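Listed below, chain by chain, are the residues.
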Amino acid sequence: MWEFSVGMDSDKVDMAKYIYNNLKERVEEVAGIITSYEQADKINIIIACENCEKDRLCYHISDTLTYAICTFIKDDFLSKNLKLPKKSKLKMFTFKKALVSFDRETDRFLINRQLVLEESLYIEPFFYFKLQSLKEKWQELLKIANDNSTYLLSNDAFLELLSFLIDNIEISFDEVNVIFQDDRILLLNNDFKAIQHVDSVLKNECELVSKLLDLSPRKINWYAKTRRSFLEKVFEKRITLMQEDTDLRALIDKSL
C-alpha cells in the first residue's frame, strides 16, 4: 500500500477544496482512499492506493499540486504584495487574475523540476525553501507592476498593459461560446455543450474572467445584446462578436 499526504496552512481552504475535489475521482478510479482533516492550524489530505496504481495516481497528484501552487499560492503572493491604483472590482480582479495566469507554463516547469512525491509534502515550506527561482520570478513580475503603478493611473495605460498580459497567456483551449442571456452568463464549447469540469452557468463577470483566463481559448464567440466595453477591450484579439438569434436560444436551452 502506498500512502501520501499533502498539508497546507488552515487559511488555504479554497486550495484544499480544489486539491481534494480534483483528486477524489482519480483516487476512486483506482479503488484508493482519500480523506482530509484539520489539526494544529494545518489542513491535511491523505491519499492511499495499491502500489501498482502509484505511478498512475502520482501523475494526477503532481498535476493538481502544480496547478494549486501556480494559482492559489501565486494569487495569495500577489494579493499581499501588489500595490496598484484603485480601480473597479472587475478591473482589479481581471488584472490580478491576468498576472496569475501570465507565463504559467514556465511556472509549471519550475515547480515540476522540484516536485517529488515522497511520504508527505507541506505546500508553504515547499514554496519558500524549494521554489526560490519561482518566488524570484514572481517578485520580478510584482516589481514591474508596482514600479509602474503611477503610470497605470491612466485608464488607457491600464487597459494597454492588461491587454498585453492577456494576449500573451498561452492558448490552452480552442474555441468557446460566451452568451449573455437574460440574467445569466453561459460558457460553452464550440458545439454549445458543457466544457468538462467547467461550470456552464456563471454568476457574474468576475467568474467569467476567471474561467476564460484558466481556459485561455484561441477564439471567444461573444453573444451579447449590450456592449461590455471593458471585457471586449481586454479580450479584443480573441473575441468575435456574434449575433444572437432565436435558433441559438433554442439550441442553448436544449443543451442545458
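One structure accompanies this document, and this report is about it. (Residues numbered from 1 in each chain as written. Predicted model: local features only at pLDDT ≥ 70, side-chain atom pairs only at ≥ 80, totals over all residues. Heavy atoms only, no water.)

Strand order in this open sheet of five strands is 7-6-5-8-9, and the pairing throughout is mixed. For this open sheet the edge positions go to strand 7 (201-202) and strand 9 (239-242), each flanked by a neighbour on one side alone. The pairing of strand 5 (residues 173-181) with strand 8 (residues 217-223) spans six bridges and is classified as parallel. By the bridge assignment for strand 8, Phe-173 is matched with Pro-217. (Pairing = 2+ DSSP bridges. Helix = DSSP H or I, 4+ residues; strand = E, 2+ residues; numbered from the N terminus.)

Inspection of the sheet shows strand 2 (residues 33-39) paired to strand 3 (residues 42-49) by seven bridges, in the antiparallel sense. Paired with Ile-33 across the bridge in strand 3 is Ala-48. Between strand 2 and the antiparallel strand that follows it, strand 3, lie two residues; Ala-40 among them carries a positive phi value of about 50 degrees.

Counting through the fold element by element, Asn-221 comes out in strand 8. Assessed through its relative accessible area of 4%, Asn-221 is described here as buried. Sequence-distant contacts of Asn-221, defined by excluding residues within four places in its chain, comprise Glu-175, Val-176, Asn-177, Val-178, Thr-240 and Met-242. (Buried < 20%, exposed > 50% of the residue type's maximum accessible area, 1.4 Å probe, protein only. Contact = heavy atoms within 4.5 Å.)

Attention now moves to the packing of helix 5 (residues 123-130) against helix 6 (residues 132-147). In the contact formed by helix 5 and helix 6, the axes pass within 5 Å of each other and the chain directions differ by 80 degrees. The orientation of helix 5 with respect to helix 6, classified from their angle, is roughly perpendicular. Two secondary-structure elements touch here, helix 5 through Phe-127, Tyr-128, Phe-129 and Lys-130 and helix 6 through Gln-132, Leu-134, Lys-135 and Trp-138. Its residues assigned to classes, the contact of helix 5 with helix 6 comprises five nonpolar, one polar and two charged. (Axes fitted to C-alpha atoms, helices over the stretch in contact; angles between N-to-C directions. Parallel < 35°, antiparallel > 145°, perpendicular 65-115°, else oblique. Nonpolar A, V, L, I, M, F, W, Y, C, P; charged D, E, K, R; others polar.)

Quick look at empty space enclosed by the protein now. If a probe as big as a water molecule is rolled over the atoms, it shows which places are left empty. Taken as a whole, this structure holds one cavity of 30 Å³ or more when the rule is applied. By volume, the largest cavity is sized at about 40 Å³. Lining the largest cavity are Ile-166, Ile-169, Leu-212, Leu-213, Ser-216, Pro-217, Ile-220, Phe-235 and Arg-238. Of all elements in the fold, only helix 8 (205-215) and strand 8 reach the threshold of two or more residues within the lining of the largest cavity. Per-class residue counts for the lining of the largest cavity are seven nonpolar, one polar and one charged. (1 Å grid on protein atoms, 1.4 Å probe; cavity = no way out; pocket = protein on both sides within 12 Å on 5 of 7 lines; lining within 4 Å. Points joined across faces, edges and corners; volume = space filled by probe spheres on them.)

Here we come to the layout of surface pockets. When its volume is computed, the largest pocket comes out at roughly 1800 Å³. Forming the walls of the largest pocket are 42 residues, and the residues nearest its centre are Tyr-18, Tyr-67, Phe-72, Lys-211 and Asp-214. Secondary-structure elements contributing two or more residues to the lining of the largest pocket are helix 1 (13-29), helix 2 (54-81), helix 3 (89-101), helix 4 (104-114) and helix 8. Ranked by residues supplied to the lining of the largest pocket, first place goes to helix 1 with 11 residues.

The quantities given are spatial measurements derived from coordinates; they are silent on function.
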